[in-house]
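What follows is each chain in one-letter form.
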Amino acid sequence: MNSNVVVVDDDRDYLEVLGRKLAQIGFQRVRLEESSVKLAEELEKGLAFDLALIDMTMPEMDGMALLEKIKANSPSTECIMVTAINEARIAVECLNKGAYDYLVKPVSTEDLSLSIKRTLERKRLLDLLDLDKRDDLPALENEAPFRPIITQSKKVLRILKEAELHASSLVPVLITGESGTGKELLARAIHGASPRAAQPFTPINMSSLSGPLFEAEFFGHTKGAFTGAEAGRVGYLEYTNKGTLFLDEIGDLPLTLQGKLLRVLQDGEFSKLGSSERQKVDLRFIAATNENLEQMMSQKRFRKDLYYRIRGGWLHLPPLRERPEDIFLLSRKFLEKYYDVNKQGFIEKDALDLLMHYHYPGNIRELKSILQSAVNLARGEPIRETHLPAHISASRKAYADEEKASGNASIKPLVEVEKAHILAAYEQTGGNKSKTARLLGIGLNTLRRKLAGYGIQ
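Conventions and cut-offs
- Residues numbered from 1 in each chain as written.
- Predicted model: local features only at pLDDT ≥ 70, side-chain atom pairs only at ≥ 80, totals over all residues.
- Heavy atoms only, no water.
- Pairing = 2+ DSSP bridges.
- Helix = DSSP H or I, 4+ residues; strand = E, 2+ residues; numbered from the N terminus.
- Axes fitted to C-alpha atoms, helices over the stretch in contact; angles between N-to-C directions.
- Buried < 20%, exposed > 50% of the residue type's maximum accessible area, 1.4 Å probe, protein only.
- Polar contact = N/O pair within 3.5 Å; in protein donor to acceptor, adjacent residues only side chain to side chain.
- Contact = heavy atoms within 4.5 Å.
- Expected span 1.5 Å × (residues − 1).
- Disulfide = S-S within 2.5 Å.
- Salt bridge = Lys/Arg side-chain N within 4 Å of Asp/Glu carboxyl O.

### Things to note about the sheet that holds strand E13 (residues 284–289)
Then, in step 1: One open sheet accounts for 5 strands, arranged E7-E10-E13-E6-E14; its pairing is parallel. The sheet is open, and its two edges are formed by strand E7 (201–205) and strand E14 (313–316), each paired on a single side. Taken over all neighbouring pairs, the strand axes of this sheet differ in orientation by 20° on average, direction set aside.
Then, in step 2: Sheet topology places strand E10 (residues 244–248) next to E13; 4 bridges connect them, and they run parallel. Counted as the bridge partner of Phe246 is Ile286 from E13.

Take a look at the structure:
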C-alpha cells in the first residue's frame, strides 16, 4: 500500500513484530522508530506521515505527549494508540486528543488490519473534504500512473488528485463524462495508483454483452455447460481476482442483467454457469458512463440500488470544450510521432486557431482523429487550415457569422451548436451513421441516441 506509516515504540522487539504484521497487510513504506523525542523533533521540521501507530508508555516523551505533537505539527496524520493497559478512561482521553483508535497489546494482525482500514478510510474522506475547500492544488504523491493524462486544466488536475485519494481505498468508483473524454485512461490511472497495481486490469464494454453472453463471459462456465463446450471457461470475475474490473458504458447494461451484477458487488461471490458452487472474488470495481444515470433511474431504466453501490466515489470528466487550455498540449502529444513539436511551425496559426475554437462533440478522441487525417494530407509539411476537415472550418465560419449578425448580443446555447454541428456532419456523409460517428470521433450508440433526440431514427 502507498500510505506512509510510522510505528513508535521503545520496545525494539515489539516494534519489529508490528513491522512484520504491517508488511503482511501490504504496507511497504513503514518507518520503525524507538525514540519518541527524535520523531517529535523531525515533526517540528516538517516531517509528516499518513498514519502513526504510537505506544502509550515510553521514556522521555510518552504516547499522549507525542500524539499532541503530531496533531500540532501534522494535523492530517491519523493516529492509533497501542497500549498494554486496557482502561476506558485512557482510551477516551486519547480519542479526545485526536487519536482515531485505541488498540490493546498483543494486537492480532486481523485487528490491526481492520483498525488501519477504518483509519485510512477516514483520512481519505477528510482529505477529499479538504480538497474541496482549498484554492490551491495539492501535488500528486504518485505521479507515474497519471502521466498518460495530458492536461494543465485546473478542473482536471483537481479530479486527478481526487482519483489518487480514491485509489488507495476499496470503494467502487463511478466515472462520468461525454464520449471521448478519457474515462478508461482515468480508470487505468486509478488502478495503477492503487495497491492492486500489480494485478490484472480488465476493461469490459457492457453494451456488448447480451443475456447469455453476459453470464458466460462474466461468470465463466464449467465443462459441458453448453452444447459443444468441451472445456470450461474462466470468466472476467475469476480472471481479474485481486485486480480491478472496469465496467465501461454501464448505462447500456440491460435492466435484467443489472441485478446479477449487483449480487456480485454486494456479496463478492458468484457461480459459474453449470455449477451451484459459490466462489469468492476480491475485486475493485470502476464503472464509467456517458449517460445520465439519475435520469435513467427516474425512467426505471437503471436500478437505484446498483447506482448507489457503484457510486462510492464519483469523478466527472469535463468535455474538451471546457478545457481549451489542453488543446495545444494534446495536439503536441498526438503529433510528436510525425513532427519535431519542440520547434515552432509544425502547425500553422490559422489551423491552430480553428482547433482552439472548435466545440469537439467527440472530445479528445475526435481531436486525435482530426489530427491523424491532417497528417495524411500534409505529407510532412506543416499542418494548415486546408488540411483540416471542412466541417471544422464551416463550424467556425457559422459561429463567426452569427456573432457578427447578432453584434455579440446573444450566444446560442451549446446544445444547439452541438445539434447543428452533428446534423451538418450527418448531412455531409449522406446520412451514413457509421461514417458520421467516425467523422465526429464519437461512439455509434452515442450518435444514434443524439439523432433519436433530434427526431431522426
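### Quick look at the side chain of Thr181
Then, in step 1: With respect to the helices, strands and loops of the structure, Thr181 is situated in the loop between strand E6 (173–176) and helix H7 (183–192).
Then, in step 2: The class of Thr181 is buried, set by a relative accessible area of 4%.
Then, in step 3: Within the structure, Thr181 has its side chain in polar contact with the backbone oxygen of Glu178 (distance 2.8 Å).
Then, in step 4: Once residues lying within four places of it in the same chain are set aside, the contact partners of Thr181 are Leu317, Pro318, Pro319, Arg323, Asn363 and Ile364.

### Topic: helix H15 (residues 363–378)
Then, in step 1: With 16 residues, H15 ought to run about 22 Å at 1.5 Å a step, and its terminal C-alpha atoms sit 23 Å apart, in line with that.
Then, in step 2: Buried within H15 are the following residues: Asn363, Ile364, Glu366, Leu367, Ile370, Leu371, Ala374, Val375 and Ala378.
Then, in step 3: Backbone geometry just downstream of H15 places Arg379 in the positive-phi region, at approximately 50°.

### Some words on the state of the cysteines
Then, in step 1: For the coordinates displayed, the defined rule picks out 0 disulfides.
Then, in step 2: Cys79 provides the cysteine sulfur closest to Cys94, a residue in no disulfide bond, and the two sulfurs are 10 Å apart.
Then, in step 3: For Cys94, a relative accessible area of 0% corresponds to the buried category.

### What about the pattern of salt bridges?
Then, in step 1: For the structure shown, the criterion picks out 34 salt bridges.
Then, in step 2: Between Glu294 and Arg311 there is a salt bridge, with the nearest N and O atoms lying 3.6 Å from each other. Of the two residues, Glu294 sits in helix H11 (residues 293–298) while Arg311 sits in the loop between helix H12 (304–310) and E14, which places them 17 residues apart along the sequence.
Then, in step 3: Of the charged contacts in the structure, one is a salt bridge between Asp305 and Arg303, with a shortest N-O distance of 2.7 Å.
Then, in step 4: With a relative accessible area of 31%, Arg303 lands in the partly exposed category.
Then, in step 5: Several salt bridges converge on common partners, so that one network encompasses Asp9, Asp55 and Lys105.

Just distances and angles here, no functional claims.
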